[in-house]
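These are the residues of each chain, in order.
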Amino acid sequence: MKLTRRTLAVLTGALLGGLAASASAQTKWDLPSAYPASNFHTENLAQFAKDVQAATGGKLTIQVHDNASLFKAPEIKRAVQGGQAQAGEFLMVNFQNEWPLWGLDGLPFLATSYAESFKLYQASKAAVQKKLGEQGMMLLYAVAWPPQGIFSKKQVNAAADMKGIKWRAYSPATARIGELVGAQPVTVQQAELSQAMATGVVESYMSSGSTGYDTKTYEHLKFFADTQAWLPKNAVVANKKAFDALDKPTQDGLLKAAAEAEKRGWATSEKKTGEYLDLLKKNGMTVYAPSAQLKSDMQKVGETMLKEWLDKAGPEGKAVVDAYRK
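The text that follows walks through the structure, step by step, so that each part is easy to find. Because the structure is a prediction, the values reported are computed rather than measured.

About the criteria used
Residues numbered from 1 in each chain as written. Predicted model: local features only at pLDDT ≥ 70, side-chain atom pairs only at ≥ 80, totals over all residues. Heavy atoms only, no water. Pairing = 2+ DSSP bridges. Helix = DSSP H or I, 4+ residues; strand = E, 2+ residues; numbered from the N terminus. Axes fitted to C-alpha atoms, helices over the stretch in contact; angles between N-to-C directions. Phe/Tyr/Trp six-rings, centres within 6.5 Å; stacked < 30°, edge-to-face > 60°. Buried < 20%, exposed > 50% of the residue type's maximum accessible area, 1.4 Å probe, protein only. Lys NZ or Arg CZ within 6 Å of the ring centre and 35° of its normal. Expected span 1.5 Å × (residues − 1). Bend = angle between axes of the 7 residues up to and from the residue. 1 Å grid on protein atoms, 1.4 Å probe; cavity = no way out; pocket = protein on both sides within 12 Å on 5 of 7 lines; lining within 4 Å. Points joined across faces, edges and corners; volume = space filled by probe spheres on them. Nonpolar A, V, L, I, M, F, W, Y, C, P; charged D, E, K, R; others polar.

One open sheet accounts for 6 strands, arranged β7-β6-β8-β5-β9-β11; its pairing is mixed. If you trace the sheet from one side to the other, it starts and ends with β7 (184–187) and β11 (286–288), each paired once. Across this sheet, the average inter-strand angle for adjacent strands is 30°, counted without regard to direction. Summarising the sheet, strand β5 (residues 148–152) and strand β9 (residues 223–225) pair through 3 bridges and their orientation is antiparallel.

Here you go:
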């Protein structure tokens, strides 16, 4: 069969058009995270990415960049907002200075169990979604960390025992706790925490058993007071323009995978709480219940911080707390 120049042009155009359509039908997203691959949040992200690929028939693939390898923890939210990454995971309490409600689940003793923490999440979810929308983003899902306690070199039996110690802060709230107990707050993100403890920059901090195990805190600090003070959440968000560029079936597949990741993440977090504390004990750490004095001291800190928070958060914050307390 003899092909005319016109026929060849038509066939070539059709072929190139088909290739372009195929290429445009496959979209790749980058999703930066600040935590190591072994962390349960990161493992959940990896499963989420697999589920998205399956749910969208390969139309959308998500590359998870763990351990702050693409962006450092404080940079991730801005990267998604500015379109440098299509999605990302960030610790909400880190951004309390930007908007008070980001710090809601970092207030000591406001919500101290998984049931209370989830209720607080539901009470604040509409406000969070609205704020993200104003910033060109959308919430995919959020998952709580295990309850927070106090890591220290010596056993802490009262707030006075923390006076003057070098206190790791990872958020405005943890910095404020340090100030209220008379410690010296030093801002250190998780990726740099091991080195900070090894060099004496940090002598004590509040976080979860998960962070304690991931950072091998037991090599430097030998005590953990299981105060169960609060359960901060990681939010996984998407750039709204990137989401809107997906076709409807792909959007639906992404949201379905996100809903599954949220449910799985909360269940895993709760299940692993006891496991992490057992691992800390196996590695030589003393895990103990807080004394009545320490609990009373820390609850006073929580009451002070809630009052300060409500003053800054105004009617919007009060409405969320009132809805939670109903």
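It is worth spelling out the packing of aromatic side chains at this point. Ring pairs (aromatic) are described by centroid distance and by the angle formed between their planes. All chains considered together, the criterion is met by 15 aromatic pairs. Ring centres of Phe40 and Tyr276 lie 6.4 Å apart, and the angle between their planes is 50°; this geometry places the pair in the tilted category. Taken together, the residues Phe40 in helix α2 (residues 40–55) and Tyr276 in helix α9 (residues 248–282) connect sequence positions 236 residues apart. Assigned by exposure class, Phe40 and Tyr276 land together as buried. Their ring planes at 85° and their centres at 5.3 Å tell us that Phe90 and Phe95 sit as a pair that is edge-to-face. Exposure remark for Phe90: the relative accessible area of 2% places this residue in the buried category. A relative accessible area of 11% means that Phe95 is categorised as buried. Among the aromatic residues, those joined into a cluster by ring pairs are Tyr35, Phe40, Trp145, Tyr213, Tyr218 and Tyr276. One cation-aromatic arrangement involves Lys77 over Phe95; the distance from NZ or CZ to the ring centre is 5.5 Å.

Attention now goes to unusual backbone geometry. Positive phi values are uncommon outside glycine, yet Phe109 reaches one of about 65°. Here Phe109 lies in the loop between β3 (87–91) and α4 (114–134). At Gln228, a position not held by glycine, the phi torsion is positive, near 50°. Inspection of the secondary structure assignment puts Gln228 in the loop between β9 and β10 (233–239). Accessibility expressed as a relative area gives 35% for Gln228, which makes it partly exposed.

A few words now on α9. Over its 35 residues, α9 runs 49 Å from end to end, which matches the ideal 51 Å to within 8%, given 1.5 Å per residue. Remark: the principal bend of α9, roughly 35°, maps to Lys272.

Size it by volume and the largest pocket reaches roughly 230 Å³. Residue lining of the largest pocket: Gln96, Asn97, Pro100, Leu107, Pro172, Ala173, Arg176, Glu179, Met305, Glu308, Trp309 and Lys312, and that is the complete set. For the lining of the largest pocket, the elements supplying multiple residues, two or more each, are α5 (172–180) and α10 (292–325). A breakdown of the residues in the lining of the largest pocket according to their chemical character gives 6 nonpolar, 2 polar and 4 charged.

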